[in-house]
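# Inside the fold
If you want the building blocks of each chain, they are given just below.
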Amino acid sequence: MVQEYQSPVRVYKNPFELIMAAYVRRFPKCPLIPVFLDSEVMSETHSPDGAVTVTERRCMVDVEAPRLLKRMAGVDYLYFIQRNTLNRRERTLHIEVHNETFSSRVFVRELCNYTVHPENEEWTCFEQTASLDIKSFFGFENSSEKIAMKQYASSIKKGKEIIEYYLRELEQEGVTHVPRWTPSLAPKAAPLGRLTAPPETLVSMTTDKLDADYIRRYLGDLTPLQESCLIRLRQGLQETHKGKIPKDQHVLRFLRSRDFGLEKAREMLCQSLTWRKQHQVDFLLDSWERPGLLADYYTGGWHHHDRDGRPLYILRLGQMDTKGLVRALGEEGLLRQVLSINEEGLRRCEENTRVFGRPISCWTCLVDLEGLNMRHLWRPGVKALLRIIEVVEANYPETLGRLLILRAPRVFPVLWTLVSPFIDENTRKKFLVYAGNDYQGPGGLLDYIDKTILPDFLGGSCMLPEGGVVPKSLYRTAEQLESEENRLWADAIYKSASVFKGAPYELLIDIAEVSSVITWDFDVCKGDVVFNIFHSKRAPSPPRKEAPGATPLVGGANLPLIDRNWTLGQDYSKVETALACREGESVQGSHITRWPGFYILQWRFQGAPACAASSLPRVDDVLASLQVSSHKCKVIYYTEVLASQDFRGSMTSLESSHSGFSQLSAATTASSQSHTSSGISR
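Residues numbered from 1 in each chain as written. Predicted model: local features only at pLDDT ≥ 70, side-chain atom pairs only at ≥ 80, totals over all residues. Heavy atoms only, no water.

On to the overall build of the protein chain, then. Across its full length, the protein chain holds 15 helices and 24 strands. Within the span of the protein chain, comprising 682 residues, buried residues form 49% of the whole. Sequence separation of at least 24 residues holds for 76% of the intrachain contacts in the protein chain that already meet a minimum separation of 6. (Helix = DSSP H or I, 4+ residues; strand = E, 2+ residues; numbered from the N terminus. Buried < 20%, exposed > 50% of the residue type's maximum accessible area, 1.4 Å probe, protein only. Contact = heavy atoms within 4.5 Å.)

Below, the structure is given as structure tokens:
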């Protein structure tokens with residue numbers, strides 16, 4: 001397995017020339033890196049004007065490995081070849097390193113880049129990437145990989161310290177400025193050796209890179225490998241979602257929830273982004289009007305912050321009429337309330353990060369259980385609670401920093417037995433449970449919350465909603481809740497479709513006017529699909545129409561629109577090149593029609609994912625696995641047909657609308673416009 005590393009951009013607030021003067025002092029050996037024993041210059045060549053110098057060194061490194069492993073390998077030291085390209089005119093240094101020892105068994109490659117800061121020419125940026133591929137190593141591949149990654153991570157942390165150490169050394173010697181290279185000051189040209197241009201991938205400085213100081217200020221102290229996971233996940237999302245990615249704080253939450261397992265975090269995050277997009281969760285705080293019923297009978301709310309600066313949410317669950325709220329609002333109404341609480345929590349974390357000047361990515365929840373009894377274990381209420389937990393665990397991981405459960409009654413273990421299997425293990429570790437008045441003693445509530453903000457029911461002076469029993473006159477039947485379309489998913493503009501092996505999902509669009517524009521926006525939620533667009537003058541038999549313009553198939557089966565007896569090129573034609581779409585990709589595009597007739601958008605099965613991101617039990621997934629073939633993909637899509645004169649001007653067109661997340665993007669990743677053309681775009 002190939003191990004990869006990508007660093008953030010580390011900024012030195014010193015000119016490039018001074019950094020280079022400090023850098024060369026690392027050679028031939030550096031006492032600050034004990035494993036770096038020695039180095040020798042193998043060759044050094046210069047350009048005719050002296051602006052470019054290429055230096056090749058052979059470096060000897062001592063590896064802290066078990067003696068048995070060294071004896072089996074037959075070596076005490078490892079040798080690496082380092083090739084430095086210093087361009088004084090462009091003010092860049094490119095470093096390429098590869099291993100000489102065991103090059104047939106192990107492949108190590110490191111690329112480093114020193115460049116001038118794009119916004120301040122008196123500062124210097126440093127960036128590095130590395131890869132390790134152990135093909136075979138005497139049966140100790142896994143052990144060798146762990147040793148190598150551990151040592152590499154420790155050396156990365158020392159990199160900036162070493163440059164700063166030599167900068168201080170230069171300052172003590174009175175060297176605080178090194179003049180820039182100019183042709184007039186250039187030395188006489190030495191014989192020109194073979195100069196190879198450094199990789200272009202290391203030259204450019206793009207705006208989507210992360211600065212190490214930014215990570216420390218807004219995201220916290222991360223290990224080098226954790227920083228690498230964040231950057232690589234972010235880069236992958238940029239490629240598949242084209243800028244529509246959440247803020248770095250939220251991406252980091254998903255990595256932490258999966259112990260920085262890159263693939264598992266990516267899968268979980270992509271599923272969550274699809275869920276947010278399909279159900280328009282990003283607009284919930286601005287579009288949802290909180291029912292007056294919740295203001296009168298819901299006993300919870302945001303209340304200042306705890307001693308760590310985390311937003312504090314207080315919930316008097318024991319005083320809440322959960323049965324009455326479920327009967328009056330329905331399961332979906334309560335779910336909306338919980339989602340709005342979490343969305344507000346994300347906003348408060350960002351605000352507190354700015355206020356307190358340190359990263360705050362989660363909140364504290366205080367739950368008072370005084371009054372909890374068997375009526376709270378009403379079966380539909382518990383069912384609603386389990387569903388809410390499942391949704392929150394999947395889409396708001398690592399947002400709960402601490403849960404303080406106060407005055408837990410005897411019935412609490414029963415409730416805990418029911419809900420704990422659905423709560424992630426990392427989340428369960430954050431629960432602190434106090435029975436009776438135990439919260440008043442040492443290690444209790446005042447260790448986490450300042451006394452001045454305690455609510456009145458815990459001995460403080462702050463007043464919070466008291467709730468009460470919901471009048472039965474406000475109860476509604478299941479039929480009423482359904483008929484009023486009081487479901488969270490009812491407002492979704494995106495439709496979901498399943499794509500089976502041998503049974504593609506097809507969407508019929510009837511076009512009457514030439515030059516009409518068919519636009520689409522879809523996400524691949526599961527598996528890999530191939531997207532096609534066909535045109536036919538013949539109407540599929542039988543055409544199924546739900547609404548003017550677009551006609552999706554309905555029902556449980558994917559019934560074909562393209563007749564098996566039709567011949568491609570005669571009865572129908574392909575108007576766009578087939579597009580292979582991988583799981584997690586977000587695809588937008590448009591097609592300007594050249595002929596009237598029937599256009600068929602088709603999603604065809606290509607592959608399925610290898611594993612799932614979450615290990616938590618899900619009843620729906622278990623049932624689905626028993627009833628549905630594993631050869632299945634899933635997409636959510638939105639299509640619209642626009643007249644040619646409305647295409648660029650309409651705010652509903654994919655080209656003129658801004659695609660992004662109102663809550664989760666913009667601050668650290670600017671949302672870009674969706675690009676459309678007569679071809680398919682991603």
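Let us keep going from here.
A sheet is described by the order of its strands in space; here five strands give the open sequence β9-β10-β11-β12-β13, paired in mixed fashion. The strands lining the two open edges of the sheet, one partner per strand, are β9 (300–305) and β13 (431–435). Strand after strand, the sheet turns through a mean of 20 degrees between neighbouring axes, direction not considered. Where β9 and strand β10 (residues 311–315) come together, four bridges link them in antiparallel fashion. Counted as the bridge partner of His305 is Pro311 from β10. Each of β9, β10 and β11 (363–368) is contacted by helix α10 (residues 322–356), which is oriented at about 5 degrees to β9, the strand it contacts most. (Pairing = 2+ DSSP bridges. Axes fitted to C-alpha atoms, helices over the stretch in contact; angles between N-to-C directions.)

Glancing now at the packing of aromatic side chains. Under the counting rule described, the total for this entry stands at 20 aromatic pairs. Ring geometry for Tyr114 against Phe126: centres 4.7 Å apart, planes inclined by 45 degrees, an arrangement best described as tilted. Taken together, the residues span a long stretch of sequence, with Tyr114 in strand β7 (residues 106–116) and Phe126 in strand β8 (residues 124–134) at a distance of 12 residues. Take Tyr114 and Phe126: they sit in the same class, and that class is buried. (Phe/Tyr/Trp six-rings, centres within 6.5 Å; stacked < 30°, edge-to-face > 60°.)

Take the pattern of salt bridges next. All chains considered together, the criterion is met by 32 salt bridges. Close ionic contact of Glu343 with Arg276 constitutes a salt bridge, the shortest N to O distance being 2.9 Å. Pair noted here: Glu343 is in helix α10 and Arg276 is in helix α7 (residues 262–279), with a separation of 67 residues, a long-range link. Residue Glu343 is classed as buried on the basis of its relative accessible area of 0%. (Salt bridge = Lys/Arg side-chain N within 4 Å of Asp/Glu carboxyl O.)

We now examine the environment of His376. With respect to the element layout, His376 can be found in the loop between β11 and α11 (379–395). The exposure class of His376 is buried, given its relative accessible area of 9%. Placed 39 residues apart in sequence, His376 and Leu415 show a C-alpha to C-alpha distance of 8.9 Å. For His376, the residues in contact, after removing those within four places along its chain, are Leu317, Gly318, Met320, Thr322, Gly371 and Val382.

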